[in-house]
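The lines below spell out each chain.
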Amino acid sequence: MNKLHHVVSVSGGKDSAATLMLALAMEVPNLRAAFADTGHEHPLTYDYVDYLEQATGVPIQRIRRDFTEDFTTKRKYIAEKWPSLGVPAERIARALELMHPTGIPFLDACLVAGRFPSPLGKFCTRQLKVEPLIEQVMMPLLDDGDAVWSWQGVRADESFARSTLPEFEVVGGGLFNYRPIIRWAWQDVFEAHRYMGINPNPLYAQGCSRVGCMPCIHATKDEILNLAQRWPEYAQRVAEWESLVDEVSRGSSPATFFNNGTEGGLSIVEAVEWSKTARGGKQFDMFRTVDAAPSCSSSYGLCG
């Protein structure tokens, strides 16, 4: 082993920022960070990553997944296999016309898959975050014979799956995963921001309980309503993406942003309408929509 590198995965969210601050406070050597850009982030998140780099002095490498080869493979499959599957010629021609990289990794992943990620088939994290991080950041270091600690800002109380993750694990080949805040509460995370004098992402004061894709496929009812009230242009963008993905899909059901991985689901327009309802989504709730979103609102009490 020539050198030990410490690489923090930065998303622009509170947990990864706190992890970066912890690594900085511990004065670990050869510290760097990486931001895997999905192309589906809010502009304030991009601005925040720039701010975080400047405020901490830690270089943050921006990386993106390139789907050029995936599109080549998918175009070949559509041209050679779809005719034998009974797909109409005009639909094949339209799909081939659209099957080119857009430069937006999230949309490109969906076009290649012919659908959006779902809870049962969540390919977005793996393809847009994990794989680019390993291939573009970790592997060049490991190929030089160095070792890498991959610092991951995940917390046990976020989900059952994360609650079972170890704080430290050996991946192999000189790569190790380290999750130093796995047992922290969200209050600890914001306390780390305060202690280090680092502002949290401003989206947390604008009704966002999570920061990442805008919106995420796991967005809650309140998050969808907040999106519709504050940033309707993002809902419109998703609606346009639904049309594009539907045209390159061979499925019998429309391609919907919120889907269960099998048939059906909610389009972004349907999800926005659902977000305005109460009583299990069966009754319109005028009190949820009578006012525009307040200038400052936070589920974490950041507006006090």
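Residues numbered from 1 in each chain as written. Predicted model: local features only at pLDDT ≥ 70, side-chain atom pairs only at ≥ 80, totals over all residues. Heavy atoms only, no water.

## So, the overall build of the protein
Counting its secondary structure elements, the protein contains 12 helices and eight strands. A globule of 304 residues ought to have a C-alpha radius of gyration of about 19 Å, and the protein, at 21 Å, matches this closely. Along the longest, intermediate and shortest principal axes, the C-alpha atoms of the protein span 60 × 55 × 35 Å. Looking at the 304 residues of the protein, the share that counts as buried comes to 45%. Residue pairs at least 24 apart in sequence account for 69% of intrachain contacts in the protein once pairs closer than 6 positions are excluded. Split by element, the accessible area of the protein, about 15,000 Å² in all, is 54% carbon and sulfur. (Helix = DSSP H or I, 4+ residues; strand = E, 2+ residues; numbered from the N terminus. Rg over C-alpha atoms; globule rule 2.2 N^0.38 Å. Buried < 20%, exposed > 50% of the residue type's maximum accessible area, 1.4 Å probe, protein only. Contact = heavy atoms within 4.5 Å. Areas by Shrake-Rupley, 256 points an atom, 1.4 Å probe, with all protein chains shown as cover.)

## Remarks on the sheet that holds strand E3 (residues 60-63)
By way of backbone hydrogen bonds, the strands of a sheet pair with one another, either parallel or antiparallel. The strand order across the open sheet formed by six strands is E3-E2-E1-E4-E6-E5, and the pairing between neighbours is mixed. The open sheet is flanked by E3 and strand E5 (168-172), the only strands paired with a single partner. The mean angle between the axes of side-by-side strands here comes to 25 degrees, regardless of whether they run parallel or antiparallel. Relative to strand E6 (residues 175-178), strand E4 (residues 147-151) runs parallel, the two sharing four bridges. Looking across to E6, one finds that Val148 is bridged to Leu175. Helix H1 (residues 14-25) contacts strand E1 (4-10), strand E2 (31-36) and E4 of the sheet and is inclined by roughly 155 degrees relative to E1. Where helix H6 (residues 124-143) meets the sheet, its contacts fall on E1, E2, E3, E4 and E6, and the angle it forms with E3 comes to roughly 125 degrees. (Pairing = 2+ DSSP bridges. Axes fitted to C-alpha atoms, helices over the stretch in contact; angles between N-to-C directions.)

## Re the packing of helix H9 (residues 221-230) against helix H10 (residues 232-247)
As a packed pair, H9 and H10 sit with axes 5 Å apart at the nearest point and diverge in direction by 105 degrees. When the axis of H9 is compared with that of H10, the two are roughly perpendicular. Note on element contacts: H10 touches H9 through Pro232, Tyr234 and Ala235, opposite Leu227, Ala228, Gln229 and Arg230. Along the lines of polarity and charge, the residues of the contact of H9 with H10 split into five nonpolar, one polar and one charged. (Parallel < 35°, antiparallel > 145°, perpendicular 65-115°, else oblique. Nonpolar A, V, L, I, M, F, W, Y, C, P; charged D, E, K, R; others polar.)

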